[in-house]
Amino acid sequence: MKMHLKKLSEQTIVITGATSGIGLVTAREAARQGARLVLAARNEDALKTLCEELNAYPPASERAIHVVADVGDADQVRRIADAAIARFGGFDTWVNNAGVSIFGRMEDVSMEDQRRLFETNFWGVVHGSMVAVEHLKQRGGSLINLGSEVSDRAVPLQGMYSASKHAVKGFTESLRSELESQRAPVSVTLVKPAAIDTMFVAHAKNYMEVEPQLPPPIYAPESVAEAILHAAQHPMRDVFVGSGAKLVSASSHYTPRLLDRVMARFMVGAQRTDRPSAPGRTDALHDAGVGLHERSGQSGGNARTSLYTRASLHPRLTTVVALGAGAAGLGLASLLRKRRRSLA
């Protein structure tokens, strides 16, 4: 069925994991474009500060409210929806963004930590999706789940993170099919970012003797925020953020065994620095991490926007630009040929 999604200035948007990285950048950009926001995270102080910031955006008003919630707890997620309905009469887009990782060999990671990661990354998405769909089926709108390039291809040293993102993909695809069979007015999008310069590494639990890192290329969180907010207004199935994410997915499909060898040979070292793991290192696996930081500024790869993603979000504009460039190229070639003839 044809689906109509509102423009951002007419929407109320729920964002989990809103006080850091992708969630924080998305919240700020949505507020700039006039959206009302319901922000959820475990860090209450960061949530309060963020809401004060966003409510000061012109025209100043209570455009943002917050709910302290652990997405691994279904009852706490229900409170997010209840707050949105009580304050704004409902919501139009729900973004399941909260997530955390663990660096280390699978055999070294405790079962307690593996289960905790799944509570946040997978069950948090399930809890949010079920609450969101219940409301959106009556009102219409968009559900946006944050997957990853590792939704399509697992990587060593982040095995449970990869498994959770595979699970998010399977859950999202099944839910989308069920909603389409019911002709429900809900757009379901899976966003698959490549490595993004956020607090991802700082918030991850580390089992290695050295500090972890993300392998390049590393993209700016604004690229993911752009994809999320585009999907909130335009029905989309999947969005890859960064050409690197699309390449990993395609390689996994067409040359899986070759990619196995590449991962085994290069990906372990690419995620390890030469710095010893910091003593007393904190993380955000079981408790709230440091809030209100968009980026970590990881060295070893320049954060950048993704032309590939922008092209996938705006295919008509990209086609026009490509045709214009092609026509200009043909014109220049013709001019050069004529010039060579006149000089001959």
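Above this note sits the structure.
Please read these numbers as outputs of a predicted model, since none were measured by experiment.

## Considerations on the nonpolar core
Next up, step 1: By size, the foremost hydrophobic cluster in this structure holds 53 residues, and its most contacted members are Val 38, Ile 80, Phe 91, Trp 94 and Leu 143.
Next up, step 2: At 9 residues, helix α4 (residues 111-139) tops the list of elements feeding residues into this core.
Next up, step 3: Residues in contact with Ile 80, not counting those within four places in the same chain, are Val 14, Thr 16, Val 38, Ala 40, Val 67, Ala 69 and Trp 94.

## With respect to the pairing of strand β6 (residues 141-146)
Next up, step 1: In terms of burial, β6 is largely enclosed, as 6 of its 6 residues are buried.
Next up, step 2: Relative to strand β7 (residues 186-193), β6 runs parallel, the two being bridged by 6 bridges. Opposite Leu 146, over in β7, you have Val 191 as the bridge partner.
Next up, step 3: Between the parallel elements β6 and β7, the chain passes through helix α5 (residues 159-181) in a crossover that is right-handed.

## Description of the sheet that holds strand β4 (residues 93-96)
Next up, step 1: Sheet architecture is open: 7 strands sit in the order β3-β2-β1-β4-β6-β7-β10, paired in parallel fashion. For this open sheet the edge positions go to β3 (64-68) and β10 (238-241), each flanked by a neighbour on one side alone. The average angle at which neighbouring strand axes cross in this sheet is 15 degrees, direction not considered.
Next up, step 2: Where strand β2 (residues 36-41) lies against β3, 5 bridges are found, and the strand directions are parallel. Paired with Ala 40 across the bridge in β3 is Val 67.
Next up, step 3: Contacts from helix α3 (residues 74-88) reach β1 (12-16), β2, β3 and β4, with the element oriented near 155 degrees to β3.
Next up, step 4: Contacting β4, β6 and β7, α4 crosses the sheet at an angle of about 170 degrees to β6.

## Looking at the side chain of Asp 70
Next up, step 1: Position of Asp 70 among the secondary structure elements: in the loop between β3 and α3.
Next up, step 2: With relative accessibility at 17%, the residue Asp 70 sits in the buried group.
Next up, step 3: One polar contact links the side chain of Asp 70 to the main-chain amide nitrogen of Gly 72, over a distance of 2.9 Å.

## So, the pattern of salt bridges
Next up, step 1: A full pass over the atoms with the stated rule returns 21 salt bridges.
Next up, step 2: One salt bridge in this structure joins Glu 62 and Arg 87, with 3.2 Å as the shortest N-O distance. Of the two residues, Glu 62 sits in the loop between α2 (44-55) and β3 while Arg 87 sits in helix α3, which places them 25 residues apart along the sequence.
Next up, step 3: On the basis of relative accessibility, which here comes to 43%, the residue Glu 62 falls in the partly exposed class.
Next up, step 4: Residue classification places Arg 87 among the partly exposed positions, given a relative accessible area of 36%.
Next up, step 5: Two residues, Asp 238 and Arg 237, come together in a salt bridge whose shortest N-O distance is 2.4 Å.
Next up, step 6: By relative accessible area, Arg 237 is classed as partly exposed at 44%.

## Some points on α2
Counting along an α-helix, one turn takes 3.6 residues, and residues three or four places apart therefore face a common direction.
Next up, step 1: The end-to-end C-alpha distance of α2 is 16 Å, a good match for the 16 Å that 12 residues give at a rise of 1.5 Å each.
Next up, step 2: Those residues of α2 lying buried are Ala 46, Leu 47, Leu 50, Cys 51, Leu 54 and Asn 55. Taken around the axis of α2, the buried residues stretch over an arc of 155 degrees, which confines them to a single face. Those residues of α2 that are exposed and aimed more than 90 degrees away from the buried face are Asp 45 and Glu 52.
Next up, step 3: Here the buried face of α2 lies against α1 (21-32), β2 and β3.
Next up, step 4: Backbone nitrogen of Asp 45 and a side-chain oxygen of the N-cap are separated by 3.3 Å at the start of α2; the cap is Asn 43.

## Topic: the packing of aromatic side chains
Next up, step 1: Tallied over the full model, the rule gives 6 aromatic pairs.
Next up, step 2: Centre to centre, the rings of Phe 118 and Phe 122 are 6.1 Å apart; their planes meet at 55 degrees, and the pair counts as tilted. Here Phe 118 pairs with Phe 122, and both are found in helix α4, just 4 residues apart, close to one helical turn.
Next up, step 3: Given a relative accessible area of 14%, Phe 122 falls into the buried group.
Next up, step 4: With a centroid separation of 5.2 Å and an interplanar angle of 75 degrees, the aromatic rings of Tyr 161 and Phe 200 are classed as edge-to-face.

## Structural notes on the packing of α1 against helix α7 (residues 221-231)
Next up, step 1: Contact geometry for α1 and α7: axes closest at 9 Å, N-to-C directions at 60 degrees. It follows from the interaxial angle that α1 and α7 lie oblique. Read as a crossing pair, α1 and α7 show a hand that is right-handed. The segment α1 lies against α7, with Ile 22, Val 25, Thr 26, Glu 29 and Ala 30 engaging Pro 221, Glu 222, Val 224, Ala 225, Ile 228 and Leu 229.
Next up, step 2: Split by residue class, the contact of α1 with α7 holds 8 nonpolar, 1 polar and 2 charged.

## Brief notes about the pairing of β4
Next up, step 1: Neither face of β4 is left uncovered, since the one carrying Thr 93 and Val 95 and the one carrying Trp 94 and Asn 96 both have all their residues buried.
Next up, step 2: Across 4 bridges, the pairing between β4 and β6 is parallel. By the bridge assignment, Val 95 is partnered in β6 with Ile 144.

What counts and how
Residues numbered from 1 in each chain as written. Predicted model: local features only at pLDDT ≥ 70, side-chain atom pairs only at ≥ 80, totals over all residues. Heavy atoms only, no water. Core = buried A, V, L, I, M, F, W, Y, C linked by side-chain atoms within 4.5 Å. Buried < 20%, exposed > 50% of the residue type's maximum accessible area, 1.4 Å probe, protein only. Helix = DSSP H or I, 4+ residues; strand = E, 2+ residues; numbered from the N terminus. Contact = heavy atoms within 4.5 Å. Pairing = 2+ DSSP bridges. Right-handed = clockwise from strand over helix to strand, strands pointing away. Axes fitted to C-alpha atoms, helices over the stretch in contact; angles between N-to-C directions. Polar contact = N/O pair within 3.5 Å; in protein donor to acceptor, adjacent residues only side chain to side chain. Salt bridge = Lys/Arg side-chain N within 4 Å of Asp/Glu carboxyl O. Expected span 1.5 Å × (residues − 1). Arc of directions from axis to C-beta. Phe/Tyr/Trp six-rings, centres within 6.5 Å; stacked < 30°, edge-to-face > 60°. Parallel < 35°, antiparallel > 145°, perpendicular 65-115°, else oblique. Left-handed = near helix turned anticlockwise from the far one by under 90°. Nonpolar A, V, L, I, M, F, W, Y, C, P; charged D, E, K, R; others polar.

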